[in-house]
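Tertiary structure, described
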Amino acid sequence: MDEAPDLKRRSFLLGRFRDATPPAGPPVAAIGPSCFALRGIACMSCRDTCSTGAVRFELALGGARPRIATDACTGCGDCIQGCPAGAIRISAPEAVA
Ligand code: SF4
Ligand code: SF4
């Protein structure tokens, strides 16, 4: 015998809630591969435009590489305007490379 329509709907909704991924945290800046510094070209404009100090540079072979300290980033987007390479996006923390 078939399940009653109300029970089918209830099962469907319960399944949807059970399988739902938890909500993402607040959006933060993420630096993509077009970043000049990641390609060996000296640039620190994003650090200069960030008022919270969330853009940090780490020494690496070939030059300093930028990294976003997600705990300090407010997702304000000010660094996007300062990036000559268009390498910065505001994304959910899980998407940060
Ligand atoms: S989004 Fe705002 S707080 Fe985050 S790195 Fe860019 S300028 Fe700094
Ligand atoms: S301003 Fe843009 S290109 Fe320059 S280091 Fe920051 S992310 Fe890279």
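These notes cover the structure that comes with them. All residue numbers refer to positions counted from 1 along the written sequence of the respective chain. The order in which chains are written sets their letters, starting at A; the order in which ligands are written sets their numbers, starting at 1. Totals for whole chains, interfaces and linings use all residues, but because this is a predicted model, local features are given only for residues with pLDDT of at least 70 and pairs of side-chain atoms are given and counted only at 80 or more. Side-chain measures here rest on the full set of heavy atoms in the structure, leaving out hydrogens and waters.

Considering the overall build of the protein
Helix and strand labels come from DSSP, where a helix needs a run of H or I of at least four residues and a strand needs a run of E of at least two; each type is numbered from the N terminus. Along the backbone of the protein there are 3 helices and 4 strands. Taken across its 97 residues, the protein has 25% of its residues classed as buried. Between two residues, a contact is recorded if the distance between any of their heavy atoms is within 4.5 Å. Taking as baseline every contact in the protein between residues at least 6 positions apart, the subset at least 24 positions apart corresponds to 58%. As presented, the protein carries roughly 7000 Å² of accessible surface, and 56% of it is formed by carbon and sulfur atoms. The classification of residues rests on relative accessible area computed with a 1.4 Å probe and restricted to protein chains. Under 20% of the type maximum is buried, over 50% is exposed, and intermediate values are partly exposed. Accessible areas in this description were obtained via Shrake-Rupley with a 1.4 Å probe; residue shielding takes into account the shown protein chains only.

Observations concerning the site of ligand 2
Close to ligand 2 lie Ile31, Cys35, Phe36, Ala37, Cys43, Ser45, Cys46, Phe57, Cys83, Pro84, Ala85 and Ile88, which account for all nearby residues. Note that Gly is not counted as nonpolar here; it falls among the polar residues with everything else outside the nonpolar set of Ala, Val, Leu, Ile, Met, Phe, Trp, Tyr, Cys and Pro and the charged set of Asp, Glu, Lys and Arg. In terms of residue class, the shell around ligand 2 is made up of 11 nonpolar, 1 polar and no charged. By convention in this text, a residue qualifies as near a molecule or strand provided that one of its non-hydrogen atoms is within 4 Å of it.

What to know about the site of ligand 1
Surrounding ligand 1, one finds 13 residues, the nearest of these being Cys50, Cys73, Cys76, Gly77 and Cys79. In terms of residue class, the shell around ligand 1 is made up of 8 nonpolar, 4 polar and 1 charged.

Let's talk about the side chain of serine 91
Residue position: serine 91 is located in strand E4 (residues 88–91). Judged by relative accessible area, which is 19%, serine 91 ranks as buried.

Re the nonpolar core
In plain words, nonpolar cores are sets of buried Ala, Val, Leu, Ile, Met, Phe, Trp, Tyr and Cys residues tied together by side-chain atoms within 4.5 Å. Core analysis: the largest hydrophobic core is formed by 17 residues, its most contacted members being Ala29, Cys46, Ile68, Cys73 and Ile88. For this core, the secondary structure elements donating two or more residues are strand E1 (28–31) and strand E2 (55–60). A per-element tally of this core places E1 first, with 3 residues. In this structure cysteine 73 touches Val28, Ala29, Ala54 and Ile68, once residues within four positions along its chain are discounted.

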